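Coordinate analysis (summary)
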Amino acid sequence: MGRAEKVVLAYSGGVDTSVCIPYLKEEWGVKEVITLAADLGQGEELKPIQSKALKCGAVESLVEDAKETFVKEYAFPAIQANTLYENRYPLSTALARPLIAKLLVEAAEKYGADAVAHGCTGKGNDQVRFDVGIMALNPNLKVLAPAREWGMSREEAITYGEKFGMEFPVKKSSPYSIDRNLLGRSIEAGPLEDPMTEPPEEVFVMTKAIADTPNEPEYIEIGFERGIPVSINGNQLNPVELITQLNEIVGNHGFGRIDMIENRVVGIKSREIYETPALLALINAHRDLESLTLTADITNYKQGIEQTYSELIYRGLWYSPLKEALDAFIQKTQERVSGSVRIKLFKGNATIVGRKSANSIYTPDLATYGAEDKFDHKAAEGFIYIWGLPTRVWAEKTK
Ligand code: ARG
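Heads up: these notes are all about the structure in this document. (Residues numbered from 1 in each chain as written. Predicted model: local features only at pLDDT ≥ 70, side-chain atom pairs only at ≥ 80, totals over all residues. Heavy atoms only, no water.)

The helix and strand inventory of the chain stands at 14 helices and 14 strands. Seen along its three principal axes, the alpha-carbon backbone of the chain occupies a region of about 85 × 50 × 45 Å. Put simply, the chain has 399 residues, and 48% of those count as buried. The contacts of the chain with a sequence gap of at least 6 include a subset with a gap of at least 24, amounting to 74%. A total accessible area of about 20,200 Å² is found for the chain, and carbon and sulfur atoms account for 53% of it. Charge centroids of the chain, computed over 45 positive and 56 negative side chains, lie 2 Å from each other. (Helix = DSSP H or I, 4+ residues; strand = E, 2+ residues; numbered from the N terminus. Buried < 20%, exposed > 50% of the residue type's maximum accessible area, 1.4 Å probe, protein only. Contact = heavy atoms within 4.5 Å. Areas by Shrake-Rupley, 256 points an atom, 1.4 Å probe, with all protein chains shown as cover. Lys, Arg positive; Asp, Glu negative; His and termini not counted. Charge placed at Lys NZ, Arg CZ, Asp CG, Glu CD.)

Structure representation (structure tokens):
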């Protein structure tokens, strides 16, 4: 008896996931491996990946274009929640995992598989997100993670694959581990493992070096409806187009790089470099529009929700009752978050320089320092007497 009969494997076309195919069959007695590659805008041709999977011994090779779902159902809610893990990482990689988990489970159900598999090792966050996501969606499916158990180095994995007639073109091997999708790139390992080493310019693809950015600022206006970005400079765009174009525009000015030491779920600190031009600019713009349209107490309370929401995405709890409950709160807050935000892009900055909304609760009559002022200055005195009373009493007793 093998570990499973029929398995749907998350497939990227790389060495590890390719070697998983013969490994699952030969070592773990799996009868049929179906591979699934999700197109999340990683900018790779998926057709060759499809034939590669079949060559490696898969019975079926599925490719799913999930770009629109990715942006609409995963990125947009995160923007509405202004999610930044540890106040900095907009979760560009983390958001893709629950979607891939969902595609795996759907395929397993459709093809009658009794297990799903992925190529994650035992040290990262992604294994947590896949495993927990899958068990949340279908607790009866087994999850197989060969690379977590096989104990092979990369070279050994290549040798193993070659035994089964697999060919690995000798491409210039990169010292980096890179994950990429429409929302951004995550880069780690190699020289970056020294936290004091500046990331070499070669790791960046979506964002220009400051020295190469335009010498004139560029202004853009992002339109939002109920907290969702819908237009750039007045042009309504579909979700995928909007992110794609914005990555270009913002990356061209060198904005969107992050260099951080982060705390992984498995307890390890890791040094990660990110470039997420559109996503980071959108979160900043969205938060700004909220400041114009939400009450002070909602804004303050929402910050705690946002932190919890960021953590649950990072920690693999996308499909959890807590996430659903927080969604209800967040969606309610977004009802009036419509309007537009003006951003000035220049030399690595995306500075918000203006915002407007038909739902603005900014009140010029109250805010102004001019003659039109409607604020009742005398009322401040009584307010301060009561507001400061506990402090006065305390001071009188202790000073
Ligand atoms: N640290 C990021 C996260 O947990 C990215 C993980 C994948 N990174 C990579 N370079 N392969 O979401």
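On to the sheet that holds strand S6 (residues 177–181), then. Read from one edge of the open sheet, 4 strands run S6-S7-S12-S11, paired in antiparallel fashion. Whereas interior strands pair on both sides, the edge strands pair on one side only; in this sheet they are S6 and strand S11 (257–263). Each strand of the sheet is rotated relative to its neighbour by a mean of 20 degrees, with strand direction disregarded. When S6 meets strand S7 (residues 184–188), the two strands line up antiparallel, connected through 5 bridges. Residue pairing for S7: serine 177 is matched across the bridge by glutamate 188. (Pairing = 2+ DSSP bridges. Axes fitted to C-alpha atoms, helices over the stretch in contact; angles between N-to-C directions.)

On to the nonpolar core. Ranked by size, the top nonpolar core spans 76 residues in total, and within it Val8 and Ile243 carry the most contacts. Non-local contacts of valine 8, meaning those with residues more than four positions away in its chain, are made with Ile34, Leu36, Leu104, Ala107, Ala108, Ala113, Ala115, Val116 and Ala117. (Core = buried A, V, L, I, M, F, W, Y, C linked by side-chain atoms within 4.5 Å.)

Take the environment of glutamate 27 next. Along the chain, glutamate 27 falls in the loop between helix H1 (15–26) and strand S2 (32–39). Overall, the relative accessible area of 43% leaves glutamate 27 in the partly exposed class. When the C-alpha positions of glutamate 27 and glycine 2 are compared, they lie 8.5 Å apart, and in sequence the two are 25 residues distant. Those residues in contact with glutamate 27, other than ones at most four positions away along the chain, are Pro22 and Tyr160. At 2.6 Å, the side chain of glutamate 27 and the side chain of tyrosine 160 are in polar contact. (Polar contact = N/O pair within 3.5 Å; in protein donor to acceptor, adjacent residues only side chain to side chain.)

The next thing to look at is the sheet that holds S2. Each strand in a sheet pairs with another by means of backbone hydrogen bonds, the pair being arranged parallel or else antiparallel. Across the sheet, 5 strands lie side by side as S3-S2-S1-S4-S5; this open sheet has parallel pairing. Lying at the two open borders of the sheet, with one neighbouring strand each, are strand S3 (60–65) and strand S5 (142–144). For this sheet, the mean inter-axis angle between neighbouring strands, taken without regard to orientation, is 25 degrees. In the sheet, S2 pairs with S3 via 6 bridges, with the strands oriented parallel. Looking across to S3, one finds that leucine 36 is bridged to leucine 62.

With that settled, the discussion passes to the packing of aromatic side chains. Counted by the stated rule, this structure contains 11 aromatic pairs. For the pair tyrosine 23 and tyrosine 160, a centre-to-centre distance of 5.5 Å together with 55 degrees between the ring planes defines the contact as tilted. Of this pair, tyrosine 23 sits in helix H1 while tyrosine 160 sits in helix H7 (residues 154–163), placing them 137 residues apart in sequence. The pair formed by tyrosine 23 and tyrosine 160 is uniform in burial state, with each residue classed as buried. For the pair tyrosine 160 and phenylalanine 164, a centre-to-centre distance of 5.1 Å together with 50 degrees between the ring planes defines the contact as tilted. Owing to a relative accessible area of 33%, phenylalanine 164 belongs among the partly exposed residues under this scheme. Grouping aromatic residues by their ring pairs yields a cluster made of Tyr23, Trp28, Trp150, Tyr160 and Phe164. Geometry around tyrosine 314 places arginine 129 over its ring, the cationic atom sitting 4.9 Å from the centre. Lying over the aromatic face of phenylalanine 204, arginine 257 brings its terminal NZ or CZ to 3.6 Å of the ring centre. (Phe/Tyr/Trp six-rings, centres within 6.5 Å; stacked < 30°, edge-to-face > 60°. Lys NZ or Arg CZ within 6 Å of the ring centre and 35° of its normal.)

Let's shift gears to the site of the ligand. Around the ligand, the surrounding shell holds 15 residues, and the nearest of these are Tyr89, Asn125, Ser177, Glu262 and Glu272. Here an oxygen atom of the ligand and a side-chain polar atom of tyrosine 89 are 2.6 Å apart. Glutamate 188 is positioned with one of its side-chain polar atoms (N or O) 3.4 Å from a nitrogen atom of the ligand. Bound to the protein, the ligand loses 93% of the 340 Å² it would expose on its own. Every element with two or more residues in the shell around the ligand is listed here: helix H5 (126–137), S6, S7 and strand S12 (269–275). Sort the elements by how many residues they give to the shell around the ligand and S7 lands first, with 3 residues. Looking at the shell around the ligand residue by residue, the classes come out as 5 nonpolar, 4 polar and 6 charged. (Near = heavy atom within 4 Å. Nonpolar A, V, L, I, M, F, W, Y, C, P; charged D, E, K, R; others polar.)

All right, on to the layout of surface pockets then. As a volume, the second largest pocket reaches approximately 250 Å³. Around the second largest pocket, the lining comprises 15 residues; the ones closest to its centre are Arg180, Met206, Thr244, Asn247 and Glu248. Ranked by the residues each element gives to the lining of the second largest pocket, the list is headed by helix H8 (residues 239–251), at 4 residues. The class makeup of the residues in the lining of the second largest pocket is 3 nonpolar, 8 polar and 4 charged. (1 Å grid on protein atoms, 1.4 Å probe; cavity = no way out; pocket = protein on both sides within 12 Å on 5 of 7 lines; lining within 4 Å. Points joined across faces, edges and corners; volume = space filled by probe spheres on them.)

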